[in-house]
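Observations on chain architecture
Take a look at the letters that make up each chain.
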Amino acid sequence: MKLIFLGPPGAGKGTQATGVSSHLRVPHISTGDMFRAAIKNETPTGLEAKRYMDAGQLVPDSVVVDMVRERLAMPDCANGYLLDGFPRTVEQARALDEIATPDAVVDIEVPDERLLARLTGRRVCSKCNGTFHVSKVADEKVCPVCGGELYQRDDDKPATISNRLGVYHEQTAPLIGYYAGLGKLKRIDVGALPLYDGDSRAEDVFQAILASLE
Ligand code: ADP
Ligand code: ZN
């Protein structure tokens, strides 16, 4: 199964993509994670991507498309994959259609005001890459899963967050219409799920996604 996960920053794409990809036994391909790894390793792609990411802007389409094309050509993608964070522009979606048309596009929709609270409180584990909200961990520096060190992403600072939400609405949201037009869209309305401590539960979103794929 070839899947795409769409949604604004903070929608919980990464968390859900991790769960759904292991459930379906297909590789989880996150372009954001790939860029962060490239930055860590100081590759040419990493160096180029960093200035855009730090500003909350999109990395140029050509850079992303080449990176994804190479990744999808690897043998583990032969039976499908889950793309998280790609495509993010109509241009990228067209490029992907030339490589392989997705079977379904899961669009995770969360009200903007909730995204802000999630993003400013988001922490990432430097060891297992898991993401957690500060309000839900015992120690704000320690990963509750593996004990690794938690950090705040450079692009989760308030000024950058508002840029990223703007970029999402302008450049990525048009993909909803693009994939609806192709009959591929599965909408997950997170705003309609029950609230616990002011937010929905990842488990409920997970079940809604699986149901939409049946
Ligand atoms: P989030 O979904 O929380 O914004 P990601 O980890 O998916 O975070 O992406 C982080 C940053 O990486 C983006 O703000 C952007 O600069 C860059 N990036 C990731 N995927 C793409 C893409 N498909 N096209 C362009 N830039 C991308
Ligand atoms: Zn961890």
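Residues numbered from 1 in each chain as written. Chains lettered and ligands numbered in written order. Predicted model: local features only at pLDDT ≥ 70, side-chain atom pairs only at ≥ 80, totals over all residues. Heavy atoms only, no water.

**Examining the site of ligand 1**
Taken together, 19 residues sit near ligand 1, with T31, R36, Q57, G85 and R164 positioned nearest. A distance of 3.2 Å is found between an oxygen atom of ligand 1 and a side-chain nitrogen or oxygen belonging to K13. Interatomic distance of 3.0 Å between a side-chain N/O atom of R122 and an oxygen atom of ligand 1. Taking 550 Å² as the accessible area of ligand 1 by itself, protein coverage stands at 96%. The greatest single-element share of the shell around ligand 1, amounting to four residues, is contributed by helix α2 (residues 31–40). In terms of residue class, the shell around ligand 1 is made up of seven nonpolar, five polar and seven charged. (Near = heavy atom within 4 Å. Polar contact = N/O pair within 3.5 Å; in protein donor to acceptor, adjacent residues only side chain to side chain. Areas by Shrake-Rupley, 256 points an atom, 1.4 Å probe, with all protein chains shown as cover. Helix = DSSP H or I, 4+ residues; strand = E, 2+ residues; numbered from the N terminus. Nonpolar A, V, L, I, M, F, W, Y, C, P; charged D, E, K, R; others polar.)

**Describing the packing of aromatic side chains**
As enumerated under the stated definition, the model contains one aromatic pair in all. Where Y178 meets Y179, the ring centres are 5.0 Å apart and the plane angle is 85°; that geometry is what we call edge-to-face. We note that Y178, like Y179, is buried. (Phe/Tyr/Trp six-rings, centres within 6.5 Å; stacked < 30°, edge-to-face > 60°. Buried < 20%, exposed > 50% of the residue type's maximum accessible area, 1.4 Å probe, protein only.)

**A word on the sheet that holds strand β6 (residues 131–133)**
An order of β6-β5-β7 is seen for the three strands of this open sheet, with the pairing classed as antiparallel. Of all the strands in the sheet, just β6 and β7 (150–151) have a single pairing partner and so form its edges. Looking at chain direction, strand β5 (residues 122–125) and β6 are connected through three bridges and run antiparallel. Bridge assignment links R122 to a residue of β6, and that residue is H133. (Pairing = 2+ DSSP bridges.)

**Details of the nonpolar core**
Where a protein is soluble and globular, its nonpolar side chains tend to be buried together. Core analysis: the largest hydrophobic core is formed by 27 residues, its most contacted members being F35, V59, L72, L83 and Y179. Listing elements by their share of this core, those giving two or more residues are β1 (2–6), α3 (44–54), α4 (61–72), β3 (81–84), α5 (90–99) and α8 (174–181). For this core, the element with the highest residue contribution is α4, accounting for six residues. What L72 contacts, discounting residues up to four positions off in sequence, is I29, C77, Y81, L83, L96 and I99. Ranked by size, the runner-up nonpolar core spans 22 residues in total, among them L3, V26, I188 and F206. (Core = buried A, V, L, I, M, F, W, Y, C linked by side-chain atoms within 4.5 Å. Contact = heavy atoms within 4.5 Å.)

**So, the side chain of Q16**
For Q16, the location among the structural elements is in helix α1 (residues 13–24). Residue class for Q16 comes out buried when judged on its relative accessible area of 5%. Residues within four places of Q16 in sequence aside, it is in contact with F5, I108, A202, V205, F206 and I209.

**Thoughts on the sheet that holds strand β4 (residues 104–109)**
Taken together, the five strands give an open sheet; going across it, the order is β2-β3-β1-β4-β8, and neighbouring strands pair in parallel fashion. Two strands bound the open sheet, and with one partner strand each, they are β2 (28–30) and β8 (185–189). Between one strand axis and the next, the sheet turns by 20° as a mean value, whatever way the strands run. Against the sheet, α1 contacts β1, β2, β3 and β4, and its axis sits at roughly 165° relative to β1. The sheet contacts of helix α9 (residues 202–213) involve β1, β4 and β8, and relative to β8 the element is tilted by about 155°. (Axes fitted to C-alpha atoms, helices over the stretch in contact; angles between N-to-C directions.)

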